Amino acid sequence: QVQVVESGGGLVQAGGSLRLSCSASGSIFSIDAMGWYRQTPGKQRELVADITSGGRTNYADSVKGRFTISRDNAKNTVYLQLNSLKPEDTAVYYCKAELTDIIPTRYLEVWGQGTLVTVSS
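Residues numbered from 1 in each chain as written. Predicted model: local features only at pLDDT ≥ 70, side-chain atom pairs only at ≥ 80, totals over all residues. Heavy atoms only, no water.

**Student:** I'm lost on the pairing of strand β5 (residues 46-51) in this one. Help?
**Tutor:** Every other side chain in a regular strand lies on the same face of the sheet, so the side chains alternate between the two faces. In terms of strand pairing, strand β4 (residues 28-39) meets β5 through five bridges, oriented antiparallel. Counterpart to M34 in the pairing with β5 is I51. In sequence, β4 turns back onto β5 through a hairpin of six residues, with G42 there showing a positive phi of about 80°. Two strands pair when backbone bridges link them, and β5 and strand β6 (residues 57-59) are joined in this way by three bridges, in the antiparallel orientation. What sits directly across from I51, in β6, is T57. The hairpin turn running from β5 into β6, its antiparallel successor, is five residues long, and G55 in that turn takes a positive phi close to 95°. (Pairing = 2+ DSSP bridges. Helix = DSSP H or I, 4+ residues; strand = E, 2+ residues; numbered from the N terminus.)

**Student:** I keep staring at unusual backbone geometry and nothing clicks. Help me out?
**Tutor:** Phi is mostly negative for residues that are not glycine, and the peptide bonds are mostly trans. Even without being a glycine, N76 presents a positive backbone phi close to 50°. As for its position among the elements, N76 is in the loop between β7 (67-72) and β8 (77-82). Unlike most non-glycine residues, S84 shows phi in positive territory, near 50°. Residue position: S84 is located in the loop between β8 and β9 (91-101).

Keep in mind that these numbers describe shape and distance, not what the molecule does.
So this is what it looks like as structure tokens:
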């Protein structure tokens, strides 16, 4: 069993900052990419940022220069620093881990339950 758990969401004023954390645990052999996605009602889930095990990052154009993704491989944890938040950043933020578990050896995409970020104007 593998679990992915997010934390750090909340209510913040426009221009403020938040830091999201996401940890993977369980029977994990290795983790490749970890990423953050977000979703608002009636819209598809969209990629915010992701990071490979080697540290290569990728960002949505809408968050470049404001959000920073980082990773602690020893802790199986990925972080998302959200700065200069805008009301349009309001969404449920989900973490995804692309990993291989131990027994059986399978490639899995595991999602967290999501954490709500609300940015007030």
